[in-house]
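# Survey of secondary and tertiary structure
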Amino acid sequence: ALGNEPASPWRALAAEARHAVLPLAPVVPLLAAWDVVLLADPASRLGAVRDVLLRLPVLQALVSLALLFGALLLMPFLLRLAWGARPLPAGPLRSRLEAYAARVGLRSRGFLVWPTGGTVHNAAVVGPLPRFRYVVLTDALIDDLGEDEVEAVVAHEAGHARRGHVLLFFGFSAVLVLASVLPHAFGAALGGPLAALDPLLRTVLMIVLWVGVVFGWISRRFEQEADVFGLDTIVVPPRGEGAAPDLHPFARALERIAEATGGIREMTGWRHFSIADRVDFVHRYTTDPAVAARHRRSLRLLRTTLLAVVAGAGFLAAVHVPGELAAAGRIWDMARD
């Protein structure tokens, strides 16, 4: 009834494959690089590198994180190719979005349109750094929303970029990786529960709790922080005296997306609050200064706490780096001999 079904099963599979590129893009190159290292001839230099990394877990984790970050830098270009995205055509909408981006300091390689056949209403800022970043809008979002509503959606995405959410999530992932290779250090910090567990059980438990619970909770707050950024930076023209209050453009955009998609207004996701909750928050934030002040304080506390956790994990890893570098030199010399 909504016209969102693909014309054939093959098109449905192709659409799902394109959607899967987003989570797989940074992971597949990392796994491929490790496969090359693990399959290397033991007598080769690459084989010596493998021996070093397999014996020195902190260096192995740091190399993995470096490869992952490199994959994140390449991801926007891979997604543009996989999604068939094209530059947003010149016109009033693009001029409006570029003016907003310049006003709030949203730097990127440009705005792209993701063709979905009118089936997906979404937007995203893809890439951790300005020179490796695109702002992507789906065709359905552009077609079904007004210009001020599209600008409000882009303002939300600008919040992700300006508040550094991609980099913070990378740091969040780094904590999980470092905790897996330094269980005794992290276990001591947590009272010893991690170090006492079987390694496989410890890894599964950490993934379930860290990704399934903590990541989802933090992600929902980051989505709200992006909402707040958009609400603070979108200029809403004043209405005449005595005029009835109108919905904020961002609230109108959410309602239009809910109507176009069908049946999702009350649904709460793993990474998002429901559209109904977000629309209610927009109203309370824009009309009650106490609500705005309280949320700003809570978001600052969350950011400070997360940065402290990431810095602590980095410090615990840094303590082990000098010893592992010395050990790496000895192992490398033995391999060359």
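For clarity, every value in this text was computed on a predicted model and none was experimentally measured.

Analysis parameters
- Residues numbered from 1 in each chain as written.
- Predicted model: local features only at pLDDT ≥ 70, side-chain atom pairs only at ≥ 80, totals over all residues.
- Heavy atoms only, no water.
- Helix = DSSP H or I, 4+ residues; strand = E, 2+ residues; numbered from the N terminus.
- Buried < 20%, exposed > 50% of the residue type's maximum accessible area, 1.4 Å probe, protein only.
- Contact = heavy atoms within 4.5 Å.
- Areas by Shrake-Rupley, 256 points an atom, 1.4 Å probe, with all protein chains shown as cover.
- Salt bridge = Lys/Arg side-chain N within 4 Å of Asp/Glu carboxyl O.
- Patch = residues over 30% accessible without salt bridge, like charges linked within 9 Å, V, L, I, M, F, W, Y side chains within 5 Å.
- Lys, Arg positive; Asp, Glu negative; His and termini not counted.
- Charge placed at Lys NZ, Arg CZ, Asp CG, Glu CD.
- Phe/Tyr/Trp six-rings, centres within 6.5 Å; stacked < 30°, edge-to-face > 60°.
- Expected span 1.5 Å × (residues − 1).
- Arc of directions from axis to C-beta.
- Pairing = 2+ DSSP bridges.
- Axes fitted to C-alpha atoms, helices over the stretch in contact; angles between N-to-C directions.
- Parallel < 35°, antiparallel > 145°, perpendicular 65-115°, else oblique.
- Left-handed = near helix turned anticlockwise from the far one by under 90°.
- Nonpolar A, V, L, I, M, F, W, Y, C, P; charged D, E, K, R; others polar.

## Observations regarding the overall build of the chain
Helices and strands together make up the secondary structure of the chain, namely 13 helices and 4 strands. For the chain, buried positions account for 40% of its 337 residues. In the chain, the proportion of contacts linking residues at least 24 apart, taken out of those at least 6 apart, comes to 71%. In the structure as shown, the chain presents an accessible area of about 18,000 Å², 64% of it carried by carbon and sulfur atoms.

## A look at the pattern of salt bridges
Enumeration over the complete set of coordinates arrives at 12 salt bridges. Across the salt bridge formed by Asp232 and Arg296, the nearest N and O atoms sit 3.4 Å from each other. On the criterion of sequence distance, the pair formed by Asp232 in helix α10 (residues 199-233) and Arg296 in helix α13 (residues 289-336) is long-range, its members being 64 residues apart. A relative accessible area of 35% means that Arg296 is categorised as partly exposed. Among the charged side chains, a salt-bridge network with shared partners connects Asp148, Glu149, Arg252 and Arg256.

## Focus: a positive patch on the surface
The grouping of Arg107, Arg109, Arg131, Arg162 and Arg163 at the surface amounts to a positive patch. Inspection of the secondary structure assignment puts Arg163 in the loop between α7 (147-162) and α8 (165-181). Here Arg163 falls in the partly exposed class, since its relative accessible area comes to 33%.

## Quick notes on the packing of aromatic side chains
Counted by the stated rule, this structure contains 8 aromatic pairs. Their ring planes at 80 degrees and their centres at 6.0 Å tell us that Phe77 and Tyr134 sit as a pair that is edge-to-face. Taken as a pair, Phe77 in helix α4 (residues 57-83) and Tyr134 in strand β4 (residues 134-138) lie far apart in primary sequence, 57 residues in all. Judged by centre distance (5.6 Å) and plane angle (55 degrees), the rings of Phe172 and Phe215 are tilted. In this pair, Phe172 sits in helix α8 while Phe215 sits in helix α10, placing the two residues 43 residues apart along the sequence. A relative accessible area of 15% places Phe215 in the buried class. A connected cluster of aromatic rings, assembled from ring pairs, spans Phe169, Phe172, Phe215 and Phe222.

## Comments concerning the side chain of His165
Examined against the element boundaries, His165 turns out to sit in helix α8. Residue classification places His165 among the buried positions, given a relative accessible area of 1%.

## Quick word on helix α5 (residues 92-104)
Between the first and last C-alpha of α5 there are 19 Å, a value that for 13 residues agrees with the 18 Å anticipated at 1.5 Å per step. If you check which residues of α5 are buried, you get Leu93, Leu97, Tyr100, Ala101 and Val104. The buried side chains of α5 occupy one side of the element, clustering within an arc of 100 degrees when seen end-on. Away from its buried face by more than 90 degrees, α5 exposes Pro92 and Ala102. Within two residues after α5, Gly105 carries a phi angle of roughly 80 degrees, on the positive side.

## Looking at the pairing of strand β2 (residues 111-114)
Neither face of β2 is open: one carries Phe111 and Val113, the other Leu112 and Trp114, and all of them are buried. Pairing analysis gives 2 bridges linking strand β1 (residues 86-87) to β2, with the strands arranged antiparallel. Counted as the bridge partner of Arg86 is Val113 from β2. Pairing analysis gives 4 bridges linking β2 to β4, with the strands arranged parallel. Residue Leu112 lies in a different strand from β4, and its bridge partner there is Val136.

## Remarks on the environment of Leu88
In this structure, Leu88 sits in the loop between β1 and α5. Taking the C-alpha atoms as reference points, Leu88 and Ile142, 54 residues apart in sequence, are found 9.9 Å from one another. Those residues in contact with Leu88 that lie beyond four places of it in its chain are Leu93, Arg94, Leu97, Phe111, Leu112, Val113 and Ile142.

## Looking at the packing of helix α11 (residues 249-261) against helix α12 (residues 275-287)
Where α11 contacts α12, the two axes come as close as 9 Å, and the packing angle between them is 165 degrees. Classed by the angle they form, the pair α11 and α12 counts as roughly antiparallel. In the packing of α11 onto α12, the handedness of the crossing is left-handed. Contacts between α11 and α12 involve Phe250, Ala251, Leu254, Glu255 and Ala258 from the former and Ile275, Arg278, Val279 and Val282 from the latter. Broken down by class, the residue content of the contact of α11 with α12 amounts to 7 nonpolar, no polar and 2 charged.

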